[in-house]
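Here's the letter readout for the chains.
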Amino acid sequence: MRVGMKQAMRIHFAAAWGALWLAAFLMTALPGLVSSAQAATLPGTATVSGTVEAAEPFKAAQVYFRNNAKRMLYMVYTVGGKYNALHLFPGEYEVSVKTKGLQSDVQKLTVTAGQAASMNLSMHASTAAEQRRSQEMKYDEIYPAGPGRVIAERTCIYCHGQNYLPGRAFDEKKWSEAIDLMLGQGNPQGAQIQPADLLPADRATLTKYLVDNFGPDAKPRSVRIEVQPPVDESILAKAQYIEYYFNVDAPGQGVNDPKYKRAGATGEMGFAAGRRMGQEPQLHPDGTVWTVDRGFPTRIVKLDPRTGVSKDILMPNPMAALHDLEIDKQGIIWVPENEGVPKTEPKLWKFDPKTEKWFESFLFDPKKVISDDTLKHPHSIAFDSKANVYVSYILGGGLSVWNRETKQMSTYILPTPNSFPYGVVVDTNDNVWIAEFHGSKLAKFDTRTKKFTEFDPPTQPALIRRLTVGSDGLTIWSGLFSAGMLVKLDQKTGKITEYKIPHQVSQPYDFTPQGKYVWFSDAGQGGTLIRFDSQTEKFDYFPAPQIADMPKIRLTKEGGIWYSPRSSRDWPGTGVLYPDATKITTLAAIPAPRGW
Ligand code: HEC
């Protein structure tokens with residue numbers, strides 16, 4: 001039978017509709033069956049897929065796409081030796097893949113908007129240069145058991161981690177001086193060891209242990225990782241990281257400006273001197289991401305993830321140190337100076353992204369509740385429902401409250417001396433919760449009575465950095481940085497539950513709720529984001545592109561987790577994990593509404 005023109009068109013049309021309908025059905029009803037990544041990529045972007053082979057079996061290898069012109073990186077995992085990457089901006093890429101002990105050479109690839117590119121890769125054994133310089137040994141070989149070890153674990157290792165002492169080779173005098181410094185003698189940062197943790201009787205045992213095992217002739221060693229983070233390819237199948245790196249300062253500018261190079265040979269400033277250092281990303285309602293840059297000159301950085309373009313904004317006083325920032329409901333950026341100029345006068349600054357101006361500031365602690373003899377470091381910042389502002393002082397042991405109606409700043413001192421108040425969050429009743437880093441406690445500040453109540457996790461000492469409020473607006477989630485545990489505090493009963501994080505050397509840092517899940521960043525073995533299901537108590541691991549800690553994480557409306565790879569020397573900036581990159585409809589970082 002001869003098919004007429006009109007009829008042919010109709011058949012064609014129907015077939016096209018059928019195909020579209022089928023595609024839509026597969027995407028909504030059976031997302032697992034959609035093998036073509038192309039369908040899910042954002043407009044104007046490209047996809048790359050391919051296979052990875054190696055002589056040895058491997059699981060969840062990390063495939064990297066580095067765009068040097070845009071200073072961006074994409075990373076996905078292999079599943080059964082295949083990978084799919086989405087949302088790549090058009091441009092030139094360096095593509096590589098690696099996993100423990102294996103890696104590929106770097107390949108070049110150029111992609112155009114809408115393209116579905118493919119590239120196959122193969123891995124060989126990592127060369128010696130790519131492996132660690134120091135010798136890896138078992139924990140028990142580096143740290144022989146005995147009373148010295150017990151003291152070292154309690155007073156040094158819990159804070160410095162397992163690889164700090166074996167990286168040093170000191171004689172008795174130098175170890176003794178280090179212990180003095182850590183006990184607070186001549187230390188502007190204050191005592192790092194709580195007096196009760198190093199009794200005079202134990203000091204000689206500790207010094208001898210350090211000299212015997214990390215003496216002048218000791219070789220650098222590090223603890224061999226025997227329990228790898230458990231990775232599950234089915235969880236990682238659609239996960240994708242994107243990192244956006246800070247702009248590089250031109251010669252003579254920014255960190256290369258000699259007037260800033262001098263900044264801070266020691267202490268807090270020394271830590272961040274001579275380089276850019278991203279920390280604490282916060283999400284703006286307009287979809288941009290704002291981060292502090294702790295390097296000198298200090299800046300805040302605005303990133304538009306839709307374009308990958310970032311803009312640097314100098315602090316009013318770029319010699320003041322930074323740590324955190326927050327964004328209020330009107331979209332105003334609030335930045336506490338971590339250390340002021342002069343040191344005794346840190347300020348709280350406001351920046352308007354619309355006018356791009358710093359327009360108001362308030363002096364911290366004007367009544368000098370914290371003595372000027374103590375270093376004052378206003379640190380983490382949070383708002384309550386009435387947009388009053390709360391800032392913890394990691395040095396100075398206090399909490400400042402800025403009252404929106406009176407515009408007055410009041411300061412309150414935490415009950416535990418030398419507690420190092422770190423992260424601050426506000427619950428649904430407008431009470432403030434504080435993580436005590438050295439105090440190893442969770443503290444509640446009742447905003448009506450202005451009284452503190454402290455809660456002790458069973459495992460002590462613990463080092464607690466940050467905390468979050470669960471989706472119910474009341475449950476407090478936090479973690480023991482030095483003990484690799486997640487903790488849950490039930491406000492009604494005051495009961496704290498601890499959950500062991502299932503990998504060797506876990507260091508939970510910051511936390512954010514997402515329904516029944518609690519996400520957290522873990523720096524222990526490098527960098528990873530972990531999702532904890534509070535109902536099944538299962539931990540899902542999403543290893544990060546870089547070896548770096550992530551001091552703050554923030555959730556978008558579409559389930560993206562933003563972070564800053566803080567300790568990264570080569571690639572400071574911000575990054576995001578999409579646990580399911582096929583589901584996102586935009587690269588804009590619209591903040592998730594609070595869960596309650
Ligand atoms: C609560 C955390 C903490 C504990 C516990 C701790 N340290 Fe430290 N340590 C630090 C910090 C922070 C610094 C860097 C800033 C400073 O000097 O306080 C540091 C610096 C050091 C330094 C370098 C000093 C220098 O001159 O640069 C040595 C060595 C050291 N610690 C050894 C030890 C030893 C040994 C112990 C156990 C007896 C110990 N630390 C306990 C946090 C800690």
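Residues numbered from 1 in each chain as written. Predicted model: local features only at pLDDT ≥ 70, side-chain atom pairs only at ≥ 80, totals over all residues. Heavy atoms only, no water.

S.K.: Is there a simple way to think about the layout of surface pockets in this case?
M.R.: Empty space among the atoms becomes apparent when a probe as large as a water molecule is rolled across them. Looking at the second largest pocket, its volume works out to about 1,200 Å³. What lines the second largest pocket is a set of 42 residues, among which Glu326, Arg554, Ala592, Pro593 and Arg594 lie closest to the centre. Elements with a minimum of two residues in the lining of the second largest pocket: strand S13 (278–283), strand S18 (326–327), strand S22 (377–383), strand S26 (421–426), strand S30 (467–469), strand S34 (508–514) and strand S38 (554–555). When the residues that make up the lining of the second largest pocket are grouped by side-chain class, the tally is 19 nonpolar, 11 polar and 12 charged. (1 Å grid on protein atoms, 1.4 Å probe; cavity = no way out; pocket = protein on both sides within 12 Å on 5 of 7 lines; lining within 4 Å. Points joined across faces, edges and corners; volume = space filled by probe spheres on them. Helix = DSSP H or I, 4+ residues; strand = E, 2+ residues; numbered from the N terminus. Nonpolar A, V, L, I, M, F, W, Y, C, P; charged D, E, K, R; others polar.)

S.K.: Please explain the packing of aromatic side chains as it appears in this structure.
M.R.: Where two aromatic rings form a pair, the distance of their centres and the angle of their planes describe that pair. Counted under the stated rule, the structure contains 28 aromatic pairs. With 5.9 Å between their ring centres and 55° between their planes, phenylalanine 65 and tyrosine 83 make a pair best called tilted. With phenylalanine 65 in strand S2 (residues 62–67) and tyrosine 83 in strand S4 (residues 82–88), this residue pair connects regions lying 18 residues apart in the sequence. The buried category is assigned to phenylalanine 65, whose relative accessible area is 0%. These aromatic residues form a ring-pair network of at least three members: Trp477, Tyr499, Phe511, Phe520, Phe532 and Phe539. Above the ring of tryptophan 571, the side-chain terminus of arginine 66 is found at 4.1 Å from the ring centroid. One Lys or Arg, arginine 168, reaches over the ring of tyrosine 164 and ends 3.9 Å from the middle of that ring. (Phe/Tyr/Trp six-rings, centres within 6.5 Å; stacked < 30°, edge-to-face > 60°. Buried < 20%, exposed > 50% of the residue type's maximum accessible area, 1.4 Å probe, protein only. Lys NZ or Arg CZ within 6 Å of the ring centre and 35° of its normal.)

S.K.: Which parts of the structure should I look at to understand the environment of histidine 160?
M.R.: By the secondary structure assignment, histidine 160 is in helix H3 (residues 147–160). Separated by 265 residues in the primary sequence, histidine 160 and valine 425 have C-alpha atoms spaced 26 Å apart.

S.K.: Just checking my understanding: could you explain the coordination of the iron atom of the ligand for this structure?
M.R.: Each donor-metal-donor angle would ideally measure 109.5 degrees in four-coordinate tetrahedral geometry, or 90 or 180 degrees in six-coordinate octahedral geometry. Around the iron atom of the ligand, the protein contributes the donor atoms His160 (NE2) and Met182 (SD), at 2.0 to 2.2 Å from the metal centre. For the iron atom of the ligand, the 6 donor atoms are set out with angles of 87 to 177° between them, so the coordination reads as octahedral. Of this pair, histidine 160 sits in helix H3 while methionine 182 sits in helix H4 (residues 172–182), and the two are 22 residues apart along the sequence. Judged by relative accessible area, which is 22%, methionine 182 ranks as partly exposed. (Donors = N, O, S within 2.8 Å, 3.2 Å for Na, K, Ca; no water. Tetrahedral: all angles 85-135°; square planar, octahedral: opposite > 155°, others 65-115°.)

S.K.: I keep staring at the environment of threonine 411 and nothing clicks. Help me out?
M.R.: Locating threonine 411 in the fold gives a position in strand S25 (residues 409–413). With relative accessibility at 10%, the residue threonine 411 sits in the buried group. Spatially, the C-alpha atoms of threonine 411 and serine 400 are 4.3 Å apart, while their sequence positions differ by 11 residues. Leaving out residues up to four positions away in the same chain, threonine 411 has contacts with Asp365, Val369, Ile370, Tyr393, Leu399 and Ser400. Within the structure, the side chain of threonine 411 is placed 2.9 Å from the side chain of serine 400, a separation counted as a polar contact. (Contact = heavy atoms within 4.5 Å. Polar contact = N/O pair within 3.5 Å; in protein donor to acceptor, adjacent residues only side chain to side chain.)

S.K.: In this structure, what is going on with the domain arrangement of the chain? I would like to understand it.
M.R.: Many descriptions give the size of an interface as the accessible area lost when the pieces come together. As assigned here, the chain comprises domain 1 (1–34), domain 2 (37–125), domain 3 (139–223) and domain 4 (278–578). Distance from the C-alpha centre of domain 2 to the C-alpha centre of domain 3: 44 Å. (Domains from an automatic or database assignment.)

S.K.: For this particular structure, what's the right way to read the site of the ligand?
M.R.: Lining the immediate surroundings of the ligand are 18 residues, of which Cys156, Cys159, His160, Met182 and Asn187 lie closest. Contact between the ligand and histidine 160: a nitrogen atom at 2.8 Å from a side-chain N or O atom of the residue. One of the side-chain nitrogen or oxygen atoms of glutamine 192 is found 3.3 Å away from an oxygen atom of the ligand. Listed by contribution, the elements that provide at least two residues to the shell around the ligand are H3, H4 and helix H5 (200–214). With 5 residues, H3 is the largest single contributor of residues to the shell around the ligand. Looking at the shell around the ligand residue by residue, the classes come out as 12 nonpolar, 6 polar and no charged. (Near = heavy atom within 4 Å.)

S.K.: Would you mind going over empty space enclosed by the protein with me for this structure?
M.R.: Summed over all chains, the structure comprises 1 cavity of 30 Å³ or more. Considering only enclosed or pocket space, the largest cavity measures out at about 40 Å³ in volume. If you trace the largest cavity, you find it lined by Tyr244, Tyr245, Phe246, Val289, Thr291, Val301, Leu303, Ser310, Gly573 and Thr574. Breaking the lining of the largest cavity down by element, the ones donating at least two residues are strand S12 (240–245), strand S14 (289–293), strand S15 (299–304) and strand S40 (573–578). Along the lines of polarity and charge, the residues of the lining of the largest cavity split into 6 nonpolar, 4 polar and no charged.

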